[in-house]
Amino acid sequence: MSTPTDYKYTDSHEWSSVEGDVVTLGITQHAVNELTDITYVEMKGVGEIIGAGDSVGEVESVKATSDIYSPVAGEIIEVNEALDGDPSVVNNEPYQGGWLVKLKASDTGPADGLMDASAYDEKYPLD
C-alpha cells in the first residue's frame, strides 16, 4: 500500500487530511503494521475540544494500546462510528474507511509543518 501523497504525517504515525477547516485524522500503514491486529478503537466524542498535541482517543491491538494525537487544535465534529462494529477496518483501510475522527480546526497551520508522504516514507519505510 502506498502512502497517500495528499496527506500530512506525524512522527507518532498519524495522518492528517485537510479540507478547508476540517481535518480528518487516522493512523498510517506503518502504525498498523507495528500494532498488528486492531481489536478496539475508542475516540473522544463529538463536541470535545482538543488542543494541538492532545489525545483524541486510543487504538488497542493484540500487542499494545496507543494514544492518537491531533496535530491541530479544534472541535471533534465526527467520529467514525463504523469502527465500533468492526475495528479491523483500520487494519484493512487505514487511509480510507479506517479514518478515526474529523475536527473543525481553529487553525490548520500546524498541519502544514508536518511531513509529506515522501519524507514520511524515507523516515519510516515499509518493509
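So, a few notes on the structure that sits alongside this text. (Residues numbered from 1 in each chain as written. Predicted model: local features only at pLDDT ≥ 70, side-chain atom pairs only at ≥ 80, totals over all residues. Heavy atoms only, no water.)

Details of the sheet that holds strand 6 (residues 55–61)
Part 1: Strand order in this open sheet of 3 strands is 4-6-7, and the pairing throughout is antiparallel. The sheet is open, and its two borders are formed by strand 4 (38–43) and strand 7 (65–69), each paired with just one other strand. The sheet shows a mean angle of 20° between the axes of neighbouring strands, direction not considered.
Part 2: Where strand 4 meets strand 6, 5 bridges bridge the pair, whose relative direction is antiparallel. Paired with Glu-42 across the two strands is Glu-58, which belongs to strand 6. (Pairing = 2+ DSSP bridges. Helix = DSSP H or I, 4+ residues; strand = E, 2+ residues; numbered from the N terminus. Axes fitted to C-alpha atoms, helices over the stretch in contact; angles between N-to-C directions.)

A short note on the pattern of salt bridges
Part 1: If you walk through the whole model with that rule in mind, you get 2 salt bridges.
Part 2: Between Lys-123 and Asp-11 there is a salt bridge; the shortest N-O distance is 2.9 Å. Taken together, the residues span a long stretch of sequence, with Lys-123 in helix 5 (residues 117–123) and Asp-11 in the loop between strand 1 (8–9) and strand 2 (14–19) at a distance of 112 residues.
Part 3: In this structure Lys-123 comes out as partly exposed when scored by relative accessible area, which is 47%.
Part 4: Here Asp-21 makes a salt bridge to Lys-104, at a shortest N to O gap of 3.2 Å. (Salt bridge = Lys/Arg side-chain N within 4 Å of Asp/Glu carboxyl O. Buried < 20%, exposed > 50% of the residue type's maximum accessible area, 1.4 Å probe, protein only.)

Brief notes about the pairing of strand 7
Part 1: Both strand 6 and strand 7 contribute to a ladder of 5 bridges, which runs antiparallel. Note that in strand 7 the partner of Ser-55 across the bridge is Tyr-69.
Part 2: In this structure, the hairpin formed by strand 6 and strand 7 is closed by a connection of 3 residues.

A few points about unusual backbone geometry
Part 1: For His-13, which is not glycine, the phi torsion reads 75° and is therefore positive.
Part 2: Its place among the elements puts His-13 in the loop between strand 1 and strand 2.

Notes on the packing of aromatic side chains
Part 1: Inspection of every chain in the model, using the stated rule, returns 5 aromatic pairs.
Part 2: Considering the side-chain rings of Tyr-7 and Trp-15, the 4.4 Å spacing of their centres and the 15° angle between planes classify their relative orientation as stacked. No difference in accessibility class separates Tyr-7 from Trp-15, as the two residues are buried.
Part 3: Taken together, the ring pairs in this structure connect Tyr-7, Trp-15 and Tyr-95 into an aromatic cluster.
Part 4: Note that Lys-102 overlies the ring of Trp-99, its terminal NZ or CZ placed 4.9 Å from the centroid. (Phe/Tyr/Trp six-rings, centres within 6.5 Å; stacked < 30°, edge-to-face > 60°. Lys NZ or Arg CZ within 6 Å of the ring centre and 35° of its normal.)

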